[in-house]
Amino acid sequence: MMTLFPQHTVSPAQVPGLPHRAGLGLKNEHFIEVLETLPDIGFFEVHAENYMVDGGPFHHYLGLIREQYPLSLHGVGLSIGGEGPLNREHLARLATLIERYQPQSFSEHLAWSSHGPVFLNDLLPLAYDAATLDRVCAHIDQVQSTLKRPMLLENPSTYLQFQHSTLDETDFISAIIRRTGCGLLLDVNNVYVSCINHQRDPLSYIDALPLSAVGEIHLAGFAEDTDSLGDRLLIDDHGAPIDNAVWQLYEQVLTRTGPVATLIERDNQVPAFRVLHAEAQQADGYLSQVNV
Amino acid sequence: MSHHAAFTNALLAPDQPCPGVLFSSNGADPASRFAVYRNNVHSSLISALSTAYPVTLQLVGDEFFRAMAGLFVQTCPPTSPLINEYGSAFAAFIQDFEPAASVPYLADVARFERLRVRAYHAADSQPLDQQAILQALQGQTDLGKLSLRLHPSLATLNSSYAVVAVWAAHQTEGAVATLNPRHAQSALVLRQGLAVKVFAIDRGSVAFIDSLNQGIQLEMAVEKALQASAEFDLHQCLTLLIGHDAITHLHSEQKVLP
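The rules behind the values
Residues numbered from 1 in each chain as written. Chains lettered and ligands numbered in written order. Predicted model: local features only at pLDDT ≥ 70, side-chain atom pairs only at ≥ 80, totals over all residues. Heavy atoms only, no water. UniProt positions renumbered as here; feature names shortened; annotations may be inferred. Contact = heavy atoms within 4.5 Å. Buried area = accessible area lost by both parts, 1.4 Å probe. Salt bridge = Lys/Arg side-chain N within 4 Å of Asp/Glu carboxyl O. Polar contact = N/O pair within 3.5 Å; in protein donor to acceptor, adjacent residues only side chain to side chain. Helix = DSSP H or I, 4+ residues; strand = E, 2+ residues; numbered from the N terminus. Domains from an automatic or database assignment. Buried < 20%, exposed > 50% of the residue type's maximum accessible area, 1.4 Å probe, protein only. Pairing = 2+ DSSP bridges. Axes fitted to C-alpha atoms, helices over the stretch in contact; angles between N-to-C directions. Phe/Tyr/Trp six-rings, centres within 6.5 Å; stacked < 30°, edge-to-face > 60°. Core = buried A, V, L, I, M, F, W, Y, C linked by side-chain atoms within 4.5 Å.

The name given to chain B in an unreviewed UniProt entry is Putative DNA-binding domain-containing protein, and the organism recorded there is Pseudomonas antarctica.

Looking at an unreviewed UniProt entry, one finds chain A named UPF0276 protein PSAN_00130 and attributed to Pseudomonas antarctica. Quoted verbatim from the Sequence similarities (unreviewed entry) field of the UniProt record, the comment on chain A reads "Belongs to the UPF0276 family."

This is the structure in structure tokens:
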């Protein structure tokens, strides 16, 4: 009888970084379907704060899904741009989650969401000046040294600008990456939303960023409103399918960056899993074109 | 005042003007764009409350609930990035919210729904094997000195209204009409495995469970239960707890299980 040599294959869940595939935001309404069908998805991403609970179904299902898939941990509550010091308790909770789930990636936002004792549950805009740059860089240094790993910083979607900003958003982001060594989570929908809202050209915005630092891409849908002049005002609401203009911009980004892990985000009006899976397959299609 | 302080104040109070340091690149009135941030803050927090308090919402309707939750958001904005925990003070707010006075049991239903959310996310703790508990109880020479530790999800509520019945009536479509909410009821909430379960229990059982949760030994816990209700039935209450995997540790003065 023939003996097979033991095969030392690495399980897809244990790869060192996020694969250059499309991933999906993991919604609790899809836990069971994901576990029962094990769909061919490159990775899953979760909002860290949803899993800062003691026990119960969230940890139960994430633990099982983590055994099968690479994981991206995406924070929405650290308030990296806040005027005050970072919330150490929150940072400690992040460290605990990272220790538990060993995610391939951790990311947070270029924004603030807490002031004093109040948490506002939104990603609020920053003035781009030297003092803010120093503060954000110090906070990112603190995050990276506490978590003992580099983080990815996500570019924001914004609706207004500050009169005392002295730097372009792209210069501000480039300086942070240069000074802290963090990576860039390039949210292509945020680029499109902000550029329409501030009358900029999305491609020249992208070309002004250090694209070699891109560690992940986000794609999402937006809502549309108008401002007091009746001009288009796009709102990053994660509640709609990805717009054609954003798909086109994504394709152009990929020709510049090469294949990058790409997340489809949907946090509101969450549709059936197969609808999100179809968007992931569409992104995988673009990714395989640049792979060739 | 710092920029973020001014921004925060203007976000929370709808009648405040938007901070003066902002502009729109197309020259549009900044207030028309600041409204997006204000709406994001309010609608995301109101949605979080709607998700955590679904029956409270059904009892007053969507429009009333959103208006009430909106005022709560302005008065008690979150103080933690853990939105799962947001709304701990919501029931107390509802209690004092005069426009809701015509639904006198609304605050207790909200209290009950908060216990369900807490039970869902409570720490995991391995229950004792049901047979092992029964054997330990039967073989015990000094039963009264026994301490029981209960699952971290367990919580109780005494209400002057039929809070469990009101909640249960809203879990299925239709037929709510015959329910009389105006009789006292006590509730037990727990998580068995992954499922949150609720039970209507008597005040004696509430006193018993609360005593055990405070680490009080069995004999004294029974005494407190009987003080709360002469009809307290120890056997029935223990059967309920054992049958739903609610006992995680048994301690006598000599030995500890597990």
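> Residues and numbers for the interface of chain B and chain A, please.
In this assembly, 43 residues from chain B lie in contact with 49 residues from chain A. Approximately 4100 Å² of surface area, both sides summed, lies buried where chain B meets chain A, with 61% of it carried by carbon and sulfur atoms. At the boundary of chain B and chain A, one finds one salt bridge. With a shortest N-O distance of 3.0 Å, B:Arg33 and A:Asp227 are connected by a salt bridge. Connecting chain B to chain A are 24 residue pairs in polar contact (both at pLDDT 80 or more). For the side of chain B that touches chain A, the elements supplying multiple residues, two or more each, are helix H1 (3-12), strand E1 (22-23), helix H2 (30-52) and helix H6 (106-121) of chain B. With ten residues, H2(B) is the single largest residue contributor to the side of chain B that touches chain A.

> Give a description of the domain arrangement of chain B that names residues and reports values.
When its domains are assigned, chain B resolves into domain 1 (1-103) and domain 2 (124-258). Between the C-alpha centres of domain 1 of chain B and domain 2 of chain B there is a distance of 37 Å.

> How would you explain the side chain of B:His244 if you had to name every residue and give the values?
Residues and elements named next belong to chain B. Relative to the helices and strands, His-244 is located in the loop between helix H11 (234-243) and strand E6 (247-251). In this structure His-244 comes out as buried when scored by relative accessible area, which is 18%. For His-244, the side chain forms a polar contact with the main-chain oxygen of Leu-240, separated by 3.0 Å. Beyond its immediate stretch of four places on either side in the chain, His-244 contacts Leu-190, Gln-192, Lys-197 and Phe-199.

> Can you explain the sheet that holds strand E7 (residues 152-154) of chain A? Please cite residues and give values.
The strand order around the closed barrel built from eight strands is E1-E2-E3-E4-E7-E9-E10-E13 (chain A), with neighbouring strands paired in parallel fashion. Mean inter-strand twist for the sheet, computed between neighbouring axes without regard to direction, equals 30 degrees.

> Can you tell me about the packing of aromatic side chains, naming the residues and giving the values?
Residue and element names in this part refer to chain B. Counted under the stated rule, the structure contains 25 aromatic pairs over all chains. Relative to Phe-93, the ring of Phe-72 lies with its centre 5.4 Å away and its plane at 65 degrees, an arrangement referred to as edge-to-face. Highlighted residues: Phe-72 in helix H4 (residues 62-75) and Phe-93 in helix H5 (residues 90-95), separated in sequence by 21 residues. Relative to Trp-167, the ring of Phe-112 has its centre 5.7 Å away and its plane inclined at 65 degrees; by these criteria the two rings are edge-to-face. Remark: Trp-167 occurs in helix H8 (residues 163-169) and Phe-112 occurs in helix H6; sequence separation between them is 55 residues. Judged on exposure class, the residue Phe-112 and its partner Trp-167 are both buried. Put simply, the rings of Tyr-53, Phe-64, Phe-65, Phe-72, Tyr-86, Phe-90, Phe-93 and Phe-97 pair up and form one aromatic cluster.

> Summarise the nonpolar core; cite the residues concerned and give the values.
Judged by nonpolar contacts, the single largest core of 139 residues is most densely connected at A:Ile176, A:Leu186, A:Ile217, A:Tyr250 and B:Phe90. Both of domain 1 (1-103) and domain 2 (124-258) of chain B provide at least three residues apiece to this core. Among the nonpolar cores identified, the runner-up in size contains 29 residues, and B:Leu154, B:Val206, B:Leu218 and B:Leu240 belong to it.

> Mind laying out the side chain of A:Ser174, listing which residues take part and the relevant values?
Residues and elements named next belong to chain A. Checked against the element boundaries, Ser-174 lands in helix H5 (residues 169-180). Residue class for Ser-174 comes out buried when judged on its relative accessible area of 14%. Residue contacts for Ser-174: discarding those within four places in its chain leaves Ala-208, Leu-209 and Pro-210.

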